[in-house]
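Each chain, letter by letter, is given below.
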Amino acid sequence: MSNLLSELRERRPLVHCMTNIVVANFQANGLLALGASPVMADAREEVEEMAAAASCTVLNIGTLHRESLEAMEMAGKAANGAGNPVVLDPVGAGATRFRRDAVSRLLGSVNITLIRGNTGELAALAGVDWKASGVDAGDGEMDVETVAAQVARNYDCLVAVTGATDVLTDGKRTMRISGGHPVMSRITGSGCLLSAVCGAFLAAGKGDPFHSVAAALAFYKAAGKRAAEVSSLPGSFLPAFMDQLALIGDRDFTVPESAKEVRA
Amino acid sequence: MSNLLSELRERRPLVHCMTNIVVANFQANGLLALGASPVMADAREEVEEMAAAASCTVLNIGTLHRESLEAMEMAGKAANGAGNPVVLDPVGAGATRFRRDAVSRLLGSVNITLIRGNTGELAALAGVDWKASGVDAGDGEMDVETVAAQVARNYDCLVAVTGATDVLTDGKRTMRISGGHPVMSRITGSGCLLSAVCGAFLAAGKGDPFHSVAAALAFYKAAGKRAAEVSSLPGSFLPAFMDQLALIGDRDFTVPESAKEVRA
Amino acid sequence: MSNLLSELRERRPLVHCMTNIVVANFQANGLLALGASPVMADAREEVEEMAAAASCTVLNIGTLHRESLEAMEMAGKAANGAGNPVVLDPVGAGATRFRRDAVSRLLGSVNITLIRGNTGELAALAGVDWKASGVDAGDGEMDVETVAAQVARNYDCLVAVTGATDVLTDGKRTMRISGGHPVMSRITGSGCLLSAVCGAFLAAGKGDPFHSVAAALAFYKAAGKRAAEVSSLPGSFLPAFMDQLALIGDRDFTVPESAKEVRA
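Residues numbered from 1 in each chain as written. Chains lettered and ligands numbered in written order. Predicted model: local features only at pLDDT ≥ 70, side-chain atom pairs only at ≥ 80, totals over all residues. Heavy atoms only, no water.

### Comments concerning the nonpolar core
A general trend in soluble globular proteins is that nonpolar side chains are found buried together.
Okay, step 1: Judged by nonpolar contacts, the single largest core of 300 residues is most densely connected at Phe 241 of chain A, Phe 241 of chain B together with Phe 241 of chain C.
Okay, step 2: When neighbours within four sequence positions are excluded, Phe 241 of chain A is seen to be in contact with Phe 26, Met 184, Ile 187, Leu 193, Tyr 220, Ala 223, Gly 224 and Ala 227 of chain A. (Core = buried A, V, L, I, M, F, W, Y, C linked by side-chain atoms within 4.5 Å. Buried < 20%, exposed > 50% of the residue type's maximum accessible area, 1.4 Å probe, protein only. Contact = heavy atoms within 4.5 Å.)

### A word on the sheet that holds strand β11 (residues 260-261) of chain B
Neighbouring strands of a sheet are bound in pairs by backbone hydrogen bonds; such pairs are parallel or else antiparallel.
All names here are of chain B.
Okay, step 1: Taken together, the nine strands give an open sheet; going across it, the order is β2-β1-β3-β4-β5-β8-β9-β10-β11, and neighbouring strands pair in mixed fashion. Two strands in the sheet have a free side with no partner beyond their single neighbour: β2 (37-40) and β11.
Okay, step 2: Sheet topology places strand β1 (residues 14-18) next to β2; four bridges connect them, and they run parallel. The residue bridging Leu 14 from the neighbouring strand is Ser 37, located in β2.
Okay, step 3: Against the sheet, helix α8 (residues 190-204) engages β1, β3 (56-60), β4 (86-89) and β5 (114-117), with an angle of about 155° to β5. (Pairing = 2+ DSSP bridges. Helix = DSSP H or I, 4+ residues; strand = E, 2+ residues; numbered from the N terminus. Axes fitted to C-alpha atoms, helices over the stretch in contact; angles between N-to-C directions.)

### Describing the relation of the copies chain C and chain A
Okay, step 1: Superposing chain C onto chain A takes a rotation of 120° plus a shift of 0.0 Å along the axis, which leaves an RMSD of 0.0 Å. The transformation relating the two chain copies, once decomposed into turn and shift, fits a three-fold axis. Taking the C-alpha atom as reference, chain C places Ile 21 of chain C closest to the rotation axis, 3.3 Å from it. (Least-squares fit on C-alpha atoms with pLDDT ≥ 70 in both.)

### Structural notes on the UniProt feature "binding site: substrate" (unreviewed entry) in chain A
Residues and elements named next belong to chain A.
Okay, step 1: Mapped onto the present numbering, the UniProt feature "binding site: substrate" (unreviewed entry) falls on Met 40 and Gly 189.
Okay, step 2: Structurally, the position occupied by Met 40 is in strand β2 (residues 37-40).
Okay, step 3: According to the relative accessible area criterion, Met 40 is buried, its value standing at 6%.
Okay, step 4: Following the sequence through the fold, Gly 189 ends up in the loop between β10 (173-177) and α8 (190-204). (UniProt positions renumbered as here; feature names shortened; annotations may be inferred.)

### Points about the relation of the copies chain C and chain B
Okay, step 1: When chain C is fitted to chain B, the best match, at an RMSD of 0.0 Å, comes from turning it 120° and sliding it 0.0 Å along the axis.
Okay, step 2: Of all interface residues in chain C, a mere 3% are interface residues in chain B too; the two copies therefore contact each other through different surfaces.

### Focus: the interface of chain C and chain B
Okay, step 1: Contacts between chain C and chain B engage 29 residues on the former and 28 residues on the latter.
Okay, step 2: If you look at where chain C meets chain B, you find two salt bridges.
Okay, step 3: Salt-bridge contacts for Glu 46 of chain C lead to Arg 99 of chain B; the nearest nitrogen and oxygen are separated by 2.8 Å.
Okay, step 4: At the junction of chain C and chain B, the tally comes to twelve residue pairs in polar contact (both at pLDDT 80 or more).
Okay, step 5: Counting residues per element, the ones that place at least two in the side of chain C that touches chain B are α2 (24-34), β2 (37-40), α3 (47-53) and α10 (234-247) of chain C.
Okay, step 6: Broken down by element, the side of chain C that touches chain B gets its largest block of residues, six residues, from α2 of chain C.
Okay, step 7: Among the residues making up the side of chain C that touches chain B, the classes are represented as 16 nonpolar, six polar and seven charged. (Salt bridge = Lys/Arg side-chain N within 4 Å of Asp/Glu carboxyl O. Polar contact = N/O pair within 3.5 Å; in protein donor to acceptor, adjacent residues only side chain to side chain. Nonpolar A, V, L, I, M, F, W, Y, C, P; charged D, E, K, R; others polar.)

### Section: the interface of chain C and chain A
Okay, step 1: Contact residues are listed per partner, giving 28 residues for chain C and 29 residues for chain A.
Okay, step 2: Between chain C and chain A, roughly 2200 Å² of surface is buried when both sides are summed, and carbon and sulfur atoms account for 55% of that area.
Okay, step 3: Remark: the boundary between chain C and chain A carries two salt bridges.
Okay, step 4: For the pair chain C and chain A, the interface holds twelve residue pairs in polar contact (both at pLDDT 80 or more).
Okay, step 5: For the side of chain C that touches chain A, the secondary-structure elements that each account for two or more residues are α5 (97-109) and α10 of chain C.
Okay, step 6: The residue inventory of the side of chain C that touches chain A, partitioned by class, reads twelve nonpolar, ten polar and six charged. (Buried area = accessible area lost by both parts, 1.4 Å probe.)

### Some details on the UniProt feature "binding site: ATP" (unreviewed entry) in chain A
All names here are of chain A.
Okay, step 1: Following the UniProt record, one finds the feature "binding site: ATP" (unreviewed entry) at Arg 116 and Thr 162. Annotated residues spanning 47 residues; largest pairwise C-alpha distance 7.3 Å, indicating a single compact cluster.
Okay, step 2: With respect to the helices, strands and loops of the structure, Arg 116 is situated in strand β5 (residues 114-117).
Okay, step 3: Judged by relative accessible area, Arg 116 falls into the buried class, the value being 4%.

### Details of the packing of aromatic side chains
Okay, step 1: Across all of its chains, the model carries twelve aromatic pairs over all chains by this definition.
Okay, step 2: Note on Phe 201 of chain A and Phe 219 of chain A: the rings are 5.5 Å apart at their centroids and 45° apart in plane angle, and the pair reads as tilted. One end of the pair, Phe 201 of chain A, is in helix α8; the other, Phe 219 of chain A, is in helix α9 (residues 209-230), with 18 residues separating them in the sequence. There is no split in this pair, since Phe 201 of chain A and Phe 219 of chain A are both buried.
Okay, step 3: Among the aromatic side chains, those forming a connected cluster through ring pairs are Phe 201, Phe 219 and Phe 253 of chain A.
Okay, step 4: Against the face of Phe 210 of chain C rests Arg 173 of chain C, its NZ or CZ located 4.0 Å from the ring centre. (Phe/Tyr/Trp six-rings, centres within 6.5 Å; stacked < 30°, edge-to-face > 60°. Lys NZ or Arg CZ within 6 Å of the ring centre and 35° of its normal.)

### Focus: the pairing of strand β5 (residues 114-117) of chain C
Residue and element names in this part refer to chain C.
Okay, step 1: Burial of β5 is two-sided: the residues Leu 114 and Arg 116 facing one way and the residues Ile 115 and Gly 117 facing the other way are all buried.
Okay, step 2: As defined by bridge partners, strand β4 (residues 86-89) adjoins β5 across two bridges and the pair is classed as parallel. Opposite Val 87, over in β5, you have Leu 114 as the bridge partner.
Okay, step 3: Looking at chain direction, β5 and strand β8 (residues 158-161) are connected through four bridges and run parallel. The residue of β8 that forms the bridge with Gly 117 is Val 161.

### Thoughts on the packing of helix α2 (residues 24-34) of chain A against α8 of chain A
Residues and elements named next belong to chain A.
Okay, step 1: Taken N-terminus to C-terminus, the directions of α2 and α8 make an angle of 40°; their axes are 9 Å apart at the nearest point. Considering their axes alone, α2 and α8 lie oblique with respect to each other. α8 is crossed by α2, and the crossing has right-handed handedness. When α2 is examined against α8, the residues Phe 26, Gln 27, Gly 30, Leu 31 and Leu 34 are found in contact with a partner set consisting of Ser 190, Cys 192, Leu 193, Ala 196, Val 197, Ala 200 and Phe 201.
Okay, step 2: Taken together, the residues of the contact of α2 with α8 break down into nine nonpolar, three polar and no charged. (Parallel < 35°, antiparallel > 145°, perpendicular 65-115°, else oblique. Left-handed = near helix turned anticlockwise from the far one by under 90°.)

### Details of the environment of Asp 143 of chain A
All names here are of chain A.
Okay, step 1: Mapping Asp 143 onto the fold places it in the loop between β7 (136-139) and α7 (144-155).
Okay, step 2: Put simply, Asp 143 and Asn 29 are 114 residues apart on the chain and 34 Å apart in space, counted from C-alpha to C-alpha.
Okay, step 3: Within the local environment of Asp 143, its side chain forms a polar contact with the side chain of Thr 146, the two groups lying 2.9 Å apart.

### Topic: the side chain of Thr 63 of chain C
Okay, step 1: Within the element layout of this structure, Thr 63 of chain C appears in the loop between β3 (56-60) and α4 (66-81).
Okay, step 2: Leaving out residues up to four positions away in the same chain, Thr 63 of chain C has contacts with Met 40 of chain A together with Asn 20, Ile 21 and Val 22 of chain C.

### Thoughts on unusual backbone geometry
Okay, step 1: A positive phi angle, near 50°, is found at Arg 12 of chain A, a position not held by glycine.
Okay, step 2: Relative to the elements of secondary structure, Arg 12 of chain A occurs in the loop between α1 (4-11) and β1 (14-18).
Okay, step 3: Backbone geometry at Asp 156 of chain B places phi at a positive 50°, although glycine is not the residue there.
Okay, step 4: Turning to its location among the elements, Asp 156 of chain B is positioned in the loop between α7 (144-155) and β8 (158-161).

### Let's talk about the side chain of Asp 89 of chain B
Okay, step 1: You can see Asp 89 of chain B is positioned in strand β4.
Okay, step 2: Beyond its immediate chain neighbours, meaning those up to four positions away, Asp 89 of chain B contacts Leu 59, Asn 60, Ile 61, Arg 116, Glu 121, Gly 191, Cys 192 and Ser 195 of chain B.

### What about the pairing of strand β9 (residues 166-169) of chain C?
Residues and elements named next belong to chain C.
Okay, step 1: Burial along β9 is two-sided: Asp 166 and Leu 168 facing one way and Val 167 and Thr 169 facing the other are all buried.
Okay, step 2: Here three bridges tie β8 to β9, and the two strands are oriented antiparallel to one another. Note on β9: the bridge partner recorded for Ala 160 is Leu 168.
Okay, step 3: In textbook terms, the turn of a hairpin is the stretch between consecutive antiparallel strands, and for β8 and β9 this stretch comprises four residues.
Okay, step 4: Of the strand pairs in this sheet, β9 and strand β10 (residues 173-177) are connected by four bridges, and their pairing is antiparallel. Bridging from a neighbouring strand, Leu 168 pairs with Met 175 of β10.
Okay, step 5: The loop that links β9 with its antiparallel partner β10 comprises three residues; one of these, Gly 171, has a positive phi angle of about 100°.

Written out as structure tokens, the structure reads:
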């Protein structure tokens, strides 16, 4: 058993989210429930200062504008300068050229610690042919583990592809994390909040980023599963899920111990 | 009994919302609960591509800016070009000159399929004297059916004026849909979400727009009524309403069969 | 017993919020539950008209941009011109230079009726050394009553410093209001919504601003306490809190009668 969650709650890391108008409230409430401290800021005038003062910065392109993209680049570099982890959530990366270009730009100018997305977003990053639909995962054929590992090696970062089963990789090894409940995909921002939760865990467990993200994924799936026992309808699932983010302790979830090596 | 709702859930239409910061989360969660796929995007750099890829575009001026108005015009034209329905929600149209002008501009440059608003917004569109208050319906004297039909003929579109009783018209015939519960007006964005729900139904039932919107209105009132049986207090009504958006099936609501002809 | 809450619900004041993307939905729902009418608008093209038409304007710098700061200044002046109360919520004032400068600019150009913030934000306004963390209250040593009274005299306004115990002052007298529940700090925007609730009470009770804010603070603490009896977990507390904002009447909370004089 890891003590990472208890340590997170004791340290209460400040998670700087540059996020979209759809999930800002949900993300802030989820981070508070977990025991982290959220701050949302995306004005160019302050993002560098905020990113440097925070423990982690999360870049989410869900409702991106030209101005916020520029601010994300500034914040990401400032977080890099401060030695803070940076999480990139490439929401709907395959949906438009603007989003694809934004992701390229951020990956080219900022050292990203973790990319967290769904299979459709992974396909967009890897240039794999895919039938995406807006910000949904979409459909297509792809060996997720192999492609994720390639992307991880390309950008020298962790990649978490989340869905019914999550895949986590650093390009050399991969891990699968299962659990959760299908209703998690019926509430908006469940992926966006997970990116921020990964950020909080990364801030709390800087020594071992792979393990920290694995713990975040396992924690989140456990919270979803328990909340779905209260209700599997989206409306009443949501407050139950928030409750579980606050309730669950280190003993209530298991981080897989062994990762699989990636064949070259 | 219509199968429109089942068909909607099977097709899972992508509903492109250009919306306000107050209701973005509620609208996305409501569309997900219903079984549609929401995507929010309002950057000029991507709205044309998003609108063309979506099944429907919903324009909501709730927290409008000059830039987003321009983007709405671009998106509306792109949706028109792709043959997709466009819903206009003229939030608080009577509240400021900026909003009145924005609505005029959008109605002048985009072929709108449906205008969905409250009585105060209808009055603003029709130039009827009205005591509006912010984004509320407000007070005044007006024959809603007659004025709505005039607006529908003026812009060659459907008009839905929603409230305690909804009025739907295409300028030639009108239909009234009752049901629901007063608590629906105690949660923010119930009208905004309804506009998006109409968009999803329009996307699913392109062959008969009048019937599709009538079904959307009847579905929504049924969901509100059932949720209010769980709680008629605004806080606990909200998750119950989301649950009902997911639970209700084609059998659980009735679309009025006959519309009344408008006298010339 | 005061009738202020009943009067508020009868008058249904229009509260113009210029607010952040995190709490916009929560603030609107909270004002609706209370019985006020929220309107969110922050485009330069319309804020003066909206502020003049509203009963109160609330300026919240939670996710401030250069453009919205300019619009807040315009709106604040228009509200002043119309004789309407203006509430300033200096969210995270100590977190960045941009926020400190924004607060100075607003306090320098707009007659503020009430500043509502946490201890960290008060420290930033007063130039007291403080260990702030993002938008949290943070830690430090300060005689809150004395510093708040100084700030109130400096800007000739009311100051409410809220937390486990609230302090309200006009610079000459101070009042403490206790109650509530710790879970209130586990949901995002509980302070932001309180600022808007104070605005609604100020609009309803213009004759005695000090008493009106005291009533707002006592009302809010009572709602929090009652909701926490339903659940003290953040997810299920939230809808219960909204319910209480709608349920509580004038008889259900007590406004402290006597204020303490501030020693010169």
